[in-house]
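# Observations on the three-dimensional arrangement
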Amino acid sequence: MGIIPALILRALWLTRTLKKNQWLPEQELRVLQTKKLRALVKHAYSRVPFYHKRLRSIGLYPDDIKGLDDLRRLPIITKEEVERARTQIVADNINLKKSFKTHTSGTMGHPLRIYYDPRYLDYITASSRRYRSVLGRKSWEKTAVVRFSDSNSKGEVGPGIAKRTFHSFRRNYSRNYYISYSANDIAKEMVEFQPDVLFGRPIYLRLLAEEFRRTGHKISPRLVLSRGDILDHSTRKFIETTLGCDVYDSYGGNDAGPIAWECREKDGYHMEADMTICEFLRGEQNANHKELSDIVVTNLNNYAMPLIRYRSGDKGSYRSGKCACGRTLPILESVEGREKEFLPARNGERLSPRRLQEIAYGDDSSVPMFQVFHEDGHVSLHVYGEDGSDDSISDLKSKFSDVFGEIDVVKHKENAKANMRFFLNKAS
Ligand SMILES: [Zn+2]
């Protein structure tokens, strides 16, 4: 068999396997996770200098990992450790030139360089095909991806007939739209394209929906898929009401890979337990059902740069019990946001980014692009761009003053940066 048919067969087999896995009895899912975890630890010990040194230093060897309960004997690693390890955390039998490179957004520090081996890329593709089937997406449906650009670069197509032909063919089915200073232009272009499926970070989807609401222009997507950030309840409702369709959210990152998604029940997120093990920890202990905890992930398939017990920096909770859809993949109840973005309210409570977004967006009013900083016991509200009216700024100030007490407002003429975080606790 030639290499291409073999690759296609493999991709089909992988997609079929993942689709089956979502209905596996719980016990079988655990057996699968155990098998994958043992193979991963063996690989990490023999091929990844970082893990080799780390495990030897605590006298732990791959054969000690016999079951899932042994996972907790492995050390937890942080983003900072991965950053310091550099290529020491990359497997020595991986050709870096042939592996796929990506990075984290770097909004909380330096971007982290991440390597995926080709086999893991196949898993990511299969996982996204599985999710397509969960939502009943068809390959011919037109998709629009909303991104943010703080420059004018919009990925021009280079020379070459083949490249341009492919590009124009692809444009019939899939287009990127860049929100920069105003959603006005892209809203008009999108009316012409009439996408069936819309993708984007929740804030950009919201800006777009606000534009449609303001102008009365109309698109009628079948689905909106939010990813890459916290989707608060009010923003979800706002987009759903304005665009007249369901919004589904998913959770994951470039570092740890795809982690969880909402099925059509929209009652929590199914964790892709055949791809990733998620632990919910309070200190060293396992958290209880629905308890706010640290999300620690083990990516079972990326052998180029294994992340084993990797502290994601996110806080969230899991839920016991089954989803009404019948899938056995366990339930992530909620992601509340990154630890460094929790801010202390004046009553002493630490408010999660999800709660704070709810405060900002809870009443359907138009909200300017903003950031809230907490530093040295002081809270400041920064607003960006020239679109925000004085009324909308003072309205937002009053919402945050209710929870934080006295608050400064700093107006910036320039627009917000791409991937900007809303909340930042500079004290922690
Ligand atoms: Zn479900």
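Being a predicted model, the structure only gives us computed values, none of them experimental.

## What about the overall build of the protein?
Looking only at helices and strands, the protein features 11 helices and 20 strands. In terms of C-alpha radius of gyration, the protein reaches 23 Å, essentially the compact-globule figure of 22 Å for 428 residues. Once the C-alpha set of the protein is aligned to its principal axes, its extents read approximately 65 × 60 × 45 Å. Counting only residues that meet the buried cut, the protein has 35% of its 428 residues in that class.

## So, helix H8 (residues 202-215)
Over its 14 residues, H8 runs 20 Å from end to end, which matches the ideal 20 Å to within 8%, given 1.5 Å per residue. Looking at the buried residues of H8, the elements they touch are strand E3 (143-148), strand E4 (174-179), helix H7 (184-193), strand E5 (197-200), strand E6 (223-226) and helix H9 (233-243). Where H8 ends, the next residue or the one after it, Gly 216, has phi of about 80°, a positive value.

## Focus: the domain arrangement of the protein
Often the size quoted for an interface is simply the accessible area lost on bringing the parts together. Domain annotation of the protein identifies domain 1 (3-128 + 251-339) and domain 2 (342-425). Between domain 1 and domain 2, the C-alpha centre-to-centre distance is 33 Å. Taken together, the seven residues of domain 1 in the interface contact six residues of domain 2. The element best represented in the side of domain 1 that touches domain 2 is strand E14 (residues 331-338), accounting for three residues. Of the residues that constitute the side of domain 1 that touches domain 2, the class distribution is no nonpolar, three polar and four charged.

## Section: the pairing of strand E17 (residues 369-375)
In the case of a regular strand, side chains alternate between the two sheet surfaces. In terms of strand pairing, E17 meets strand E18 (residues 378-384) through seven bridges, oriented antiparallel. When the bridges of E18 are listed, Glu 375 appears paired with His 378. From the end of E17 to the start of E18, which pair antiparallel, there are two residues, and Asp 376 there has a positive phi angle of about 50°. Relative to strand E20 (residues 423-425), E17 is paired through three bridges, and the arrangement is parallel.

## Looking at the pairing of strand E7 (residues 246-253)
For E6 and E7, the ladder comprises four bridges, and the chain directions are parallel. Paired with Val 224 across the two strands is Val 247, which belongs to E7. Viewed along the sheet, the connection from E6 through H9 into E7 turns out right-handed. As defined by bridge partners, E7 adjoins strand E8 (residues 257-261) across four bridges and the pair is classed as antiparallel. In the sheet register, Tyr 251 faces E8, and the bridge partner there is Ala 260. What sits between the antiparallel neighbours E7 and E8 is a turn of three residues.

## Some remarks on the nonpolar core
Within the largest apolar cluster, 53 residues are counted, with the highest numbers of intra-cluster contacts made by Met 271, Cys 278, Val 297 and Leu 332. Residues within four places of Met 271 in sequence aside, it is in contact with Ile 259, Ala 260, Thr 276, Cys 278, Leu 329, Pro 330 and Leu 332. With 25 residues, the next largest nonpolar core counts Met 190, Val 197, Leu 205 and Ala 209 among its residues.

## Comments concerning helix H11 (residues 390-404)
Here H11 contains 15 residues, and its C-alpha end-to-end distance of 20 Å stays within 8% of the 21 Å for a straight helix at 1.5 Å per residue. Three or more residues of H11 are buried, namely Leu 396, Lys 399, Phe 400 and Phe 404. Taken around the axis of H11, the buried residues stretch over an arc of 120°, which confines them to a single face. The exposed residues of H11 that point more than 90 degrees off its buried face are Asp 390, Asp 391, Ser 394, Ser 398 and Asp 402. As for H11, its buried residues are in contact with helix H10 (353-361), E17 and E18. Backbone geometry just after H11 places Gly 405 at a positive phi near 85°.

## Focus: the sheet that holds E7
Read across the sheet, 12 strands follow the order E4-E3-E5-E6-E7-E8-E9-E14-E13-E12-E10-E11 without closing on themselves; strand pairing throughout is mixed. Unpaired on one side and paired on the other, E4 and strand E11 (285-286) mark the two borders of the sheet. Bridge count between E3 and E5: four bridges; the pairing is parallel. When the bridges of E5 are listed, Val 145 appears paired with Phe 199. Lying over the sheet, H9 contacts E6 and E7, oriented at roughly 140° with respect to E7.

## Observations concerning the sheet that holds E18
A sheet is described by the order of its strands in space; here four strands give the open sequence E19-E18-E17-E20, paired in mixed fashion. Lying at the two open borders of the sheet, with one neighbouring strand each, are strand E19 (408-412) and E20. Direction aside, the axes of adjacent strands within the sheet are offset by 20° on average. Relative to E19, E18 is paired through five bridges, and the arrangement is parallel.

Here is what the cut-offs are and how they apply
- Residues numbered from 1 in each chain as written.
- Predicted model: local features only at pLDDT ≥ 70, side-chain atom pairs only at ≥ 80, totals over all residues.
- Helix = DSSP H or I, 4+ residues; strand = E, 2+ residues; numbered from the N terminus.
- Rg over C-alpha atoms; globule rule 2.2 N^0.38 Å.
- Buried ≥ 20, exposed ≤ 12 C-beta atoms within 10 Å, placed from the backbone.
- Expected span 1.5 Å × (residues − 1).
- Contact = placed C-beta atoms within 7 Å.
- Domains from an automatic or database assignment.
- Nonpolar A, V, L, I, M, F, W, Y, C, P; charged D, E, K, R; others polar.
- Pairing = 2+ DSSP bridges.
- Right-handed = clockwise from strand over helix to strand, strands pointing away.
- Core = buried A, V, L, I, M, F, W, Y, C linked by C-beta atoms within 7 Å.
- Arc of directions from axis to C-beta.
- Axes fitted to C-alpha atoms, helices over the stretch in contact; angles between N-to-C directions.

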